[in-house]
Amino acid sequence: MVVKVTSICCIGAGYVGGPTMAMIALKCPHIKVTVVDISQPRIDAWNSDELPIYEPGLDEIVKQCRGKNLFFTTDVEGAIAESEMIFVSVNTPTKKTGLGKGKAADLTYWESAARTIAAVSKTNKIIVEKSTVPVRTAEAIEKVLQRNCNTSGVRFDILSNPEFLAEGTAMDDLTAPDRVLIGGKIEGQEGTDAVASLVEVYANWVPQERIITANLWSAELSKLAANAFLAQRISSINSMSALCEATGADVSQVAYALGKDSRIGPKFLNASVGFGGSCFQKDILNLAYICECHGLTEVADYWYSVVGMNDYQKNRFVKRVVSAMFNTIRNKKICMLGFAFKKDTGDTREAPAIDVGNGLIEDGARLAIYDPKVSDAQIAMDMGAGMSNITTYKSHIEALRDAHAVCVMTEWDEFKSYDWGEIYGVMQKPAFVFDGRLILDHDKLREIGFIVYALGKPIEPFLRSAEGN
Ligand code: UDX
Ligand code: UDX
Ligand code: ADP
């Protein structure tokens, strides 16, 4: 029997759980959506005017639905007990210790959530994997659920419904997703019914042809594969950026020409100082680890090289800064514009600014960091001991005052509209710009007097002679 869902619980009120549930609440007024988390401060923030995450458009939707059919609470057990469908959207970080450390996904939070579900469920539940998990996690979770449930006759149907939203565009991605992928045990009637229940939820706003069903393992693997493919594109264009600098080609022109081939397509071809975010590196390492576990060493190595190229790109950027500035940045003030891993988010997980910042500090620089959204506390947490060489600023012009160089680390729109003439006036001379995101008008900057390094673009004679190549 296909259950027409009227109450949903989501375990984990993070970057994925919060926005996804807000969208379901908005589009399905007949469904009561309760988001739970073990973190009281997180839940308090969701219930306040200052939401714990920044996403354009999220505030409005939460305000519209909260208290009507969208609730945030720490009463995990109560919410599970009364819901027909439970999304699990807890964090699955890379394991820090033990077998598979540094590569495998740590499923501690997932397992703990599953144990709680098993303990409090008195009625049938459809469990939806939302967090990215290794292939065949559903099988492991099913065992935990079945072995720990004390009420006889309770059925758990497990579905995989990976989330493809990107941060900064989460609400647009949720409103009009390229696809919604639902994996389930589609060979049996009950499994098919569970899939149909979730399809029905999404069908409230997503066109049927965009809702894809698959078997559980395909759905789980598709999520890891999608992130690996996206990251691979960035590493591929970044590898080209190094070659362009060496040969005098222009990576933007190369990317444009590539993108015009309909088999390649134009998206995700922006060369950058490196990809960041909570997903790409973590998911590739996880994917490669799974390959290793299956003895597929060559496949694992192929994917590791995507992460290797990303590390190379960040190192290369640091080397450029040092070599361009006469091989010494000791005691020089270097301003980092942007710290978030991409624009329109305050998230700094795996942000390239962290590695680049550490690299510059290692060479003796004093860093001045300005980001429109990232808090000082977050920067302090990410940079740790390096903070003794870092000052954070609330105004870009103060961050740039007396700086020898500016490194653009995030593609925030506001950086483009700054008065770069004024900035030139307050900086030390020669004033260097290192554009790690290719967002500035380089010709104009050169006219003003800056020495400009633009990633993947022909190198200025001044920089070339400084480097001796
Ligand atoms: C290729 C380029 O497509 C073309 O733009 C360039 O000018 C010359 O090289 P071609 O070698 O003729 O053209 O064939 P193509 O269709 O690209 O296939 C190349 C190989 O890849 C074939 O062996 C094909 O079977 C294989 N292939 C292609 C796959 O294995 N999987 C695919 O999805 C596509
Ligand atoms: C990614 C996937 O896009 C999303 O589908 C998945 O659900 C989660 O992981 P996210 O990490 O939020 O989303 O951001 P994304 O826009 O993919 O960017 C990731 C990183 O790649 C950022 O650091 C971004 O700056 C960088 N990037 C992206 C490039 O360097 N060049 C590009 O062309 C695109
Ligand atoms: P993501 O980016 O995948 O959404 P986040 O780290 O932003 O990840 O969010 C995951 C959330 O899950 C955190 O707020 C964390 O407190 C919560 N969480 C982890 N384990 C549990 C659990 N067993 N029960 C409830 N909430 C949990």
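Residues numbered from 1 in each chain as written. Chains lettered and ligands numbered in written order. Predicted model: local features only at pLDDT ≥ 70, side-chain atom pairs only at ≥ 80, totals over all residues. Heavy atoms only, no water.

In the nomenclature of an unreviewed UniProt entry, the chain corresponds to UDP-glucose 6-dehydrogenase from the organism Micromonas pusilla. You can read under Pathway (unreviewed entry) in the UniProt record for the chain the words "Nucleotide-sugar biosynthesis; UDP-alpha-D-glucuronate biosynthesis; UDP-alpha-D-glucuronate from UDP-alpha-D-glucose: step 1/1." The heading Sequence similarities (unreviewed entry) in the UniProt record of the chain holds the text "Belongs to the UDP-glucose/GDP-mannose dehydrogenase family." (UniProt positions renumbered as here; feature names shortened; annotations may be inferred.)

A. Representation of the site of ligand 3. Residues in contact with ligand 3 amount to 15 residues; listed here are only the nearest, Gly 14, Tyr 15, Val 16, Asp 37 and Arg 42. Measuring from an oxygen atom of ligand 3, one finds a backbone N or O atom of Val 16 at 2.9 Å. Against a free-state accessible area of 580 Å², the protein chains account for coverage of 88% of ligand 3. (Near = heavy atom within 4 Å. Polar contact = N/O pair within 3.5 Å; in protein donor to acceptor, adjacent residues only side chain to side chain. Areas by Shrake-Rupley, 256 points an atom, 1.4 Å probe, with all protein chains shown as cover.)

B. Highlighting the site of ligand 2. The immediate surroundings of ligand 2 are formed by 20 residues, with Phe 164, Glu 167, Ser 272, Lys 342 and Arg 437 found nearest. Within the side chain of Ser 272, an N or O atom sits 2.6 Å from an oxygen atom of ligand 2. The separation between an oxygen atom of ligand 2 and a polar main-chain atom of Phe 341 is 2.8 Å. Ranked by residues supplied to the shell around ligand 2, first place goes to helix 9 (residues 216-247) with four residues. Tallied by class, the residues present in the shell around ligand 2 amount to eleven nonpolar, four polar and five charged. (Helix = DSSP H or I, 4+ residues; strand = E, 2+ residues; numbered from the N terminus. Nonpolar A, V, L, I, M, F, W, Y, C, P; charged D, E, K, R; others polar.)

C. Region of interest: the packing of helix 5 (residues 108-120) against helix 6 (residues 137-148). Remark: helix 5 packs on helix 6, axes separated minimally by 8 Å, with the N-to-C direction vectors making an angle of 30°. For the pair helix 5 and helix 6, the crossing hand works out as right-handed. Contacts between helix 5 and helix 6 involve Trp 110, Glu 111, Ala 114, Arg 115, Ile 117, Ala 118 and Ala 119 on the former and, on the latter, Ile 141, Val 144, Leu 145 and Asn 148. For the contact of helix 5 with helix 6, a count of residues per class yields eight nonpolar, one polar and two charged. (Axes fitted to C-alpha atoms, helices over the stretch in contact; angles between N-to-C directions. Left-handed = near helix turned anticlockwise from the far one by under 90°. Contact = heavy atoms within 4.5 Å.)

D. Expanded view of the pairing of strand 7 (residues 180-184). Most of strand 7 sits inside the fold, with five of its five residues counted as buried. Of the two faces of strand 7, the one holding Val 180, Ile 182 and Gly 184 and the one holding Leu 181 and Gly 183 are both buried throughout. Judged from the five bridges that link them, strand 7 and strand 8 (residues 211-215) form a sheet pairing that is parallel. Paired with Gly 184 across the strands is Asn 215, a residue of strand 8. Following the backbone out of strand 7, through helix 8 (residues 189-202) and into the adjacent parallel strand 8, one traces a crossover that is right-handed. (Buried < 20%, exposed > 50% of the residue type's maximum accessible area, 1.4 Å probe, protein only. Pairing = 2+ DSSP bridges. Right-handed = clockwise from strand over helix to strand, strands pointing away.)

E. Here's a closer look at helix 10 (residues 251-259). Turning to helix 10, its buried residues number three or more, namely Val 251, Ala 255 and Gly 259. Buried positions in helix 10, seen along its axis, are confined to an arc of 70° and lie on one side of it. Residues of helix 10 that are exposed and point more than 90 degrees away from the buried face comprise Gln 253, Tyr 256 and Ala 257. In this structure, the buried residues of helix 10 make contact with helix 9. The opening residue of helix 10, the one whose side-chain oxygen lies 2.8 Å from the backbone nitrogen of Ser 252, is Asp 250. (Arc of directions from axis to C-beta.)

F. Looking closely at the sheet that holds strand 12 (residues 405-408). The strand order across the open sheet built from six strands is 11-10-9-12-13-14, with neighbouring strands paired in parallel fashion. Strands at the two margins of the open sheet, each flanked by one partner only, are strand 11 (390-393) and strand 14 (451-454). Across the sheet, the mean angle separating the axes of adjacent strands is 20° when strand polarity is ignored. Strand direction decides the pairing type here: strand 9 (residues 333-337) and strand 10 (residues 366-370), joined by five bridges, are parallel. Residue pairing across strands places Ile 334 opposite Leu 367, the latter belonging to strand 10.

G. The pattern of salt bridges, seen in detail. On inspection of all chains with the given rule, the structure shows 24 salt bridges. The closest approach of N and O atoms between Glu 245 and Arg 316, which form a salt bridge, is 2.8 Å. Of the two residues, Glu 245 is situated in helix 9 and Arg 316 in helix 12 (residues 297-324); the sequence distance between them amounts to 71 residues. Like Arg 316, Glu 245 is buried. (Salt bridge = Lys/Arg side-chain N within 4 Å of Asp/Glu carboxyl O.)

H. Here's a closer look at the nonpolar core. Of all hydrophobic cores here, the largest spans 66 residues; its most connected members are Phe 317, Ile 334, Leu 360, Trp 420 and Phe 434. With near-sequence residues (within four places) excluded, Phe 317 lies in contact with Val 273, Val 356, Cys 407, Met 409, Phe 434, Asp 435, Gly 436, Tyr 453 and Leu 455. Met 21, Leu 70, Leu 198 and Tyr 202 belong to the second-largest nonpolar core, a separate cluster that totals 44 residues. (Core = buried A, V, L, I, M, F, W, Y, C linked by side-chain atoms within 4.5 Å.)

I. The UniProt feature "domain: UDP-glucose/GDP-mannose dehydrogenase C-terminal" (unreviewed entry) in the chain, seen in detail. Taking the numbering used here, the UniProt-annotated feature "domain: UDP-glucose/GDP-mannose dehydrogenase C-terminal" (unreviewed entry) corresponds to residues 335-442. End C-alpha to end C-alpha, residues 335-442 measures 18 Å, and it is 30% helix and 19% strand.

J. View of the UniProt feature "active site" (unreviewed entry) in the chain. Per the UniProt record, "active site" (unreviewed entry) is found at Cys 279. Along the chain, Cys 279 falls in the loop between helix 10 and helix 11 (280-293).

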